[in-house]
Amino acid sequence: MFVLIVGAGRVGSQVARSALSAGHTVSVLDEDPLSHERLEVGMSTTWEEAGGLFTVGHAMEVDALREAGIEEAEVFIASTDGDNTNLTIAQIAQRHYEVPSVIVRVMDPARAAWYREQGLQTVCPTQHAIEMFQSAVAEIAGTGSA
Amino acid sequence: MYVIIAGGGKVGWNLARELIAKGNEVTLIESNRSRYLTIEQELEHAVQYGDATELWVLERAGIQRADLAIAVTGDDEDNLLICQMAKEKYLCERIIARVNNPRNRAWFELLGIQPAVSATDLILRLIEHEVPSYGLVHLLDLRDEQLEIIEVEVGDTSPAAGKRVQDMPLPEGALIISLLRQGRGFVPKGDTVIEAGDEVLLVLDPGLEDAITAQFAPNGRMTA
């Protein structure tokens, strides 16, 4: 499976490494060359030696998207640090390049919910954090009253 | 009319000022605190502090009852999403988006965000209009209708000079609608003879510009 990951921060780089070791073709696009180093953290070879692809460029630029292989991508993951960039490029990947599976990280729970209703597969870390805090608080309260 | 403007830069602030002066109700949304405080001294309650890409900020500004939403921040992704939510989530009837990087225009079109205004494109349009040697001037683009009205000057050596309108071998989808001669415009008949120096107005299907320029412009080519 060809996986294109845009934005290799803490989340994107870890997802990229695990997808590569699971045997997928993985291409990473990031505007910061430093994220290439982050990709190789904990690896015994370079990213390229391990079979990974890396492109420096901005996700809104057609040339960068093409170079990173968007036309062949079967899975597109938008995991830059900006919700607005992620939501925009995810829709471009879905509607223009017709990538079969598009997954987008959205920190803002309200928009994550609305765009999910519009047919985007959204991942909202903030929502997970809220639920974990809520259940932790409920658990503590439960223990206290017992 | 109730107008919400996202982005209090030079464009947004001046738009707000003009629209208020014309009697409209306006809310300007600015996400930079110090910029907001500066604008607030002049616009008072007509400016709100917040990130207009967040739903609650748009709702606080009253997006549900807005007649027009304008997104003019310096960030194309923000402008695109603000207009998309205004249109599709809050069913705002009219939207206007600013395109900062003209290369992003295609993405605005892809997501149905129209009109999308780019300063670069506007300046190019002005250059076309101000520099006649450019050959062909776009007067009006009806994007949704897939039509455009253009103006082209007939050069001395143009193939069209001396031809009757009915003899012009125009491509399918092109029609001469008016001639401007010595400052006067008129609707030509089939036997009207086109002269060098005439300005010809045509209605076209998009994509026929080159064929038209070849027939009318000096030397039969774009000279720019």
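Here the structure is shown first, and the text comes after it.
Here's a quick rundown of the structure. Nothing here was measured: the structure is a model prediction, and the numbers come from that model.

About the thresholds
All chains use their own residue numbering, which begins from 1 and follows the written sequence. Whichever chain is written first becomes A and whichever ligand is written first becomes 1, with later ones labelled in order. Note on the predicted model: pLDDT of at least 70 is required for a residue's local features to be given, and 80 or more for side-chain atom pairs to be given and counted; whole-chain, interface and lining totals, by contrast, use all residues. By convention in this section, buried Ala, Val, Leu, Ile, Met, Phe, Trp, Tyr and Cys residues joined through C-beta atoms within 7 Å make up a nonpolar core. Buried means a residue has 20 or more other C-beta atoms within 10 Å of its own C-beta, exposed means 12 or fewer, and partly exposed covers the counts in between; C-beta atoms are placed from the backbone. What counts as a helix is a DSSP run of H or I of at least four residues, what counts as a strand is a run of E of at least two, and both are numbered from the N terminus. C-beta atoms are placed from the backbone for every residue, and two residues are taken to be in contact when these atoms lie within 7 Å. One bridge is not enough; two strands pair if DSSP finds at least two bridges between them. Crossovers are described as right-handed under a simple rule: with the strands pointing away from the observer, the path leading from the first strand over the helix to the second runs clockwise. Under the convention used throughout, the expected extent of a helix is 1.5 Å for every residue step, that is, one less than its residue count. What the arc describes is the spread of directions from the helix axis to the C-beta atoms. Inter-axis angles, ranging from 0 to 180 degrees, are taken between N-to-C directions of lines fitted to C-alpha atoms, where helices are fitted over the stretch in contact.

## Let's talk about the nonpolar core
Formed by 73 residues in total, the largest nonpolar core has its most connected members in Ile5 of chain A together with Ile5 and Ala69 of chain B. Ranked by the residues each element gives to this core, the list is headed by helix α4 (residues 76-88) of chain B, at six residues. Sequence-distant contacts of Ile5 of chain B, defined by excluding residues within four places in its chain, comprise Gly12, Leu15, Ala16, Val26, Leu28, Ile29, Ile70 and Val72 of chain B. Within the second largest apolar cluster, 14 residues are counted, among which are Ile150, Leu202, Phe216 and Ala217 of chain B.

## Section: the pairing of strand β5 (residues 94-99) of chain B
Residues and elements named next belong to chain B. Where strand β4 (residues 68-71) meets β5, four bridges bridge the pair, whose relative direction is parallel. Within the sheet, the bridge partner assigned to Ile70 lies in β5 and is Ile96. At this point the chain moves from β4, through α4, to the parallel β5, and the crossover so formed is right-handed. Inspection of the sheet shows β5 paired to strand β6 (residues 116-118) by three bridges, in the parallel sense. The residue bridging Ala97 from the neighbouring strand is Ala116, located in β6. Taken together, β5, helix α5 (residues 105-110) and β6 constitute a β-α-β crossover, and its handedness is right-handed.

## With respect to helix α1 (residues 10-21) of chain A
All names here are of chain A. In this model, α1 (twelve residues) spans 17 Å end to end at C-alpha, consistent with the 16 Å of a helix rising 1.5 Å per residue. Of all the positions in α1, only Gly12, Ser13, Val15, Ala16, Arg17 and Leu20 are classed as buried. Looking at the buried positions of α1, the neighbouring elements they touch are β1 (2-6), β2 (25-30), α2 (34-39) and β4 (75-78). Taken from the residues just after α1, Gly23 is the one with a positive phi, measuring 95°.

## Describing helix α5 (residues 109-117) of chain A
Burial in α5 of chain A covers these residues: Arg111, Ala112 and Tyr115 of chain A. Projected onto a plane normal to the axis of α5 of chain A, the buried residues spread over an arc of 105° and lie on a single side.

## Some remarks on the sheet that holds strand β5 (residues 101-105) of chain A
Residues and elements named next belong to chain A. Here we have six strands laid out as an open sheet, ordered β3-β2-β1-β4-β5-β6, and parallel in their pairing. In the strand order of this sheet, the two ends are held by β3 (53-56) and β6 (121-123), each with one partner. Strand-to-strand, the axes of this sheet are offset by a mean angle of 20°, without reference to chain direction. Relative to β5, β4 runs parallel, the two being bridged by four bridges. Looking at the pairing, Ile77 lines up with Ile103 of β5.

## Focus on the sheet that holds strand β1 (residues 2-6) of chain B
Residue and element names in this part refer to chain B. With respect to topology, six strands assemble into an open sheet ordered β3-β2-β1-β4-β5-β6, the strand pairing being parallel. Edge strands, defined here as strands with exactly one partner in the open sheet, are β3 (47-49) and β6. Sheet twist, expressed as the average angle between the axes of neighbouring strands with direction ignored, equals 20°. Direction of pairing for β1 relative to β4: parallel, over a ladder of four bridges.

## Here's the deal with the environment of Val106 of chain A
Residues and elements named next belong to chain A. Turning to its location among the elements, Val106 is positioned in the loop between β5 and α5. By the C-beta count within 10 Å, which is 25 here, Val106 ends up buried. On a C-alpha basis, the gap between Val106 and Leu120 in space is 11 Å, while along the polypeptide they are 14 residues apart. Those residues within four positions of Val106 in sequence are excluded, and the remaining contacts are Asp83, Asn86, Leu87, Arg111, Ala112, Tyr115, Thr122 and Cys124.

## Details of the environment of Ala119 of chain B
Inspection of the secondary structure puts Ala119 of chain B in helix α6 (residues 119-130). Sequence spacing of Ala119 of chain B and Gly62 of chain B is 57 residues, and the spatial spacing of their C-alpha atoms is 28 Å.

Purely geometric stuff here, so don't read any function into it on its own.
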